[in-house]
Amino acid sequence: MTPQMAPDMRQDEHWMRHALVLAERAVQENDEIPVGAVLVSADGEVLGEGWNRNITEHDPTAHAEIVAMRQAGQRLGNHRLLGATLYITLEPCAMCAMAMVHARIARVVYGAADPKTGAAGSVFDLLSDPRHNHRVAVTGGVLADEAGSRLTNYFRAKRGRPLL
């Protein structure tokens, strides 16, 4: 981080580092794929956070983003998460992207792109599709190398291959 870095970029990196810590918890606590997410209000308050728990909870919907949004909805007593920014270490899938649209998330910031199932522009572009009644602003690639290498090394370790 350089002193000339824009305040938004500093903030994005700050929250992405928080999401990366959550991703590490997925591995350490649950041996899950290292994806972390933190939902932050427009005022900079953490509304919800989570990491992948779908294997642990036997729940195909328990992706990091969904866990964070559920926590925020419970905290706020509302299914609408207006003005919030969701920071995720991996580009969201179609399920998570549509949940973000329905929740009226203002912005999504993700780390690594997902060239197989990414729904924020890599494979699908669900968050900005003009056919929806709400569109979500997207910033991708924040700390992408770090997020991507954690994912790569997780799968390499599972397959008994040397880490990068």
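Residues numbered from 1 in each chain as written. Predicted model: local features only at pLDDT ≥ 70, side-chain atom pairs only at ≥ 80, totals over all residues. Heavy atoms only, no water.

As recorded in an unreviewed UniProt entry, the protein chain goes by tRNA-specific adenosine deaminase and comes from Aerolutibacter ruishenii. Turning to the protein chain, the UniProt record has this under Sequence similarities (unreviewed entry): "Belongs to the cytidine and deoxycytidylate deaminase family. ADAT2 subfamily." The Subunit (unreviewed entry) comment attached to the protein chain in UniProt states, word for word, "Homodimer." (UniProt positions renumbered as here; feature names shortened; annotations may be inferred.)

## Quick look at the packing of aromatic side chains
On inspection of all chains with the given rule, the structure shows two aromatic pairs. Here the aromatic rings of Tyr-154 and Phe-155 are separated by 5.2 Å at their centres, their planes lie at 80°, and the arrangement is edge-to-face. Residue classification places Tyr-154 among the buried residues on the basis of a relative accessible area of 11%. (Phe/Tyr/Trp six-rings, centres within 6.5 Å; stacked < 30°, edge-to-face > 60°. Buried < 20%, exposed > 50% of the residue type's maximum accessible area, 1.4 Å probe, protein only.)

## Here's the deal with the packing of helix H2 (residues 64-76) against helix H3 (residues 94-103)
Viewed as axis vectors pointing N to C, H2 and H3 meet at an angle of 25°, and their least axial separation amounts to 9 Å. Of the possible angle classes, the one that applies to H2 and H3 is roughly parallel. For the pair H2 and H3, the crossing hand works out as left-handed. Listed contacts from H3 to Glu-65, Ile-66 and Met-69 of H2 are Met-95, Cys-96, Ala-99, Met-100 and Ala-103. (Axes fitted to C-alpha atoms, helices over the stretch in contact; angles between N-to-C directions. Helix = DSSP H or I, 4+ residues; strand = E, 2+ residues; numbered from the N terminus. Parallel < 35°, antiparallel > 145°, perpendicular 65-115°, else oblique. Left-handed = near helix turned anticlockwise from the far one by under 90°. Contact = heavy atoms within 4.5 Å.)

## So, the UniProt feature "domain: CMP/dCMP-type deaminase" (unreviewed entry) in the protein chain
Mapped onto the present numbering, the UniProt feature "domain: CMP/dCMP-type deaminase" (unreviewed entry) falls at residues 10-137. As annotated, residues 10-137 comprises 34% helix and 19% strand, and the C-alpha atoms at either end are separated by 18 Å.

## Remarks on the side chain of Asp-114
Relative to the helices and strands, Asp-114 resides in the loop between strand E4 (107-112) and strand E5 (137-139). The charged side chain of Asp-114 is buried without a salt bridge, its nearest counter-charge being Lys-116 at 7.1 Å. (Lys, Arg positive; Asp, Glu negative; His and termini not counted. Salt bridge = Lys/Arg side-chain N within 4 Å of Asp/Glu carboxyl O.)

## So, the state of the cysteines
Tallied over the entire structure, the rule returns zero disulfides. Cys-93 takes part in no disulfide bond, and the closest cysteine sulfur to it belongs to Cys-96, at a distance of 3.7 Å. Judged by its relative accessible area of 16%, Cys-93 is buried. (Disulfide = S-S within 2.5 Å.)

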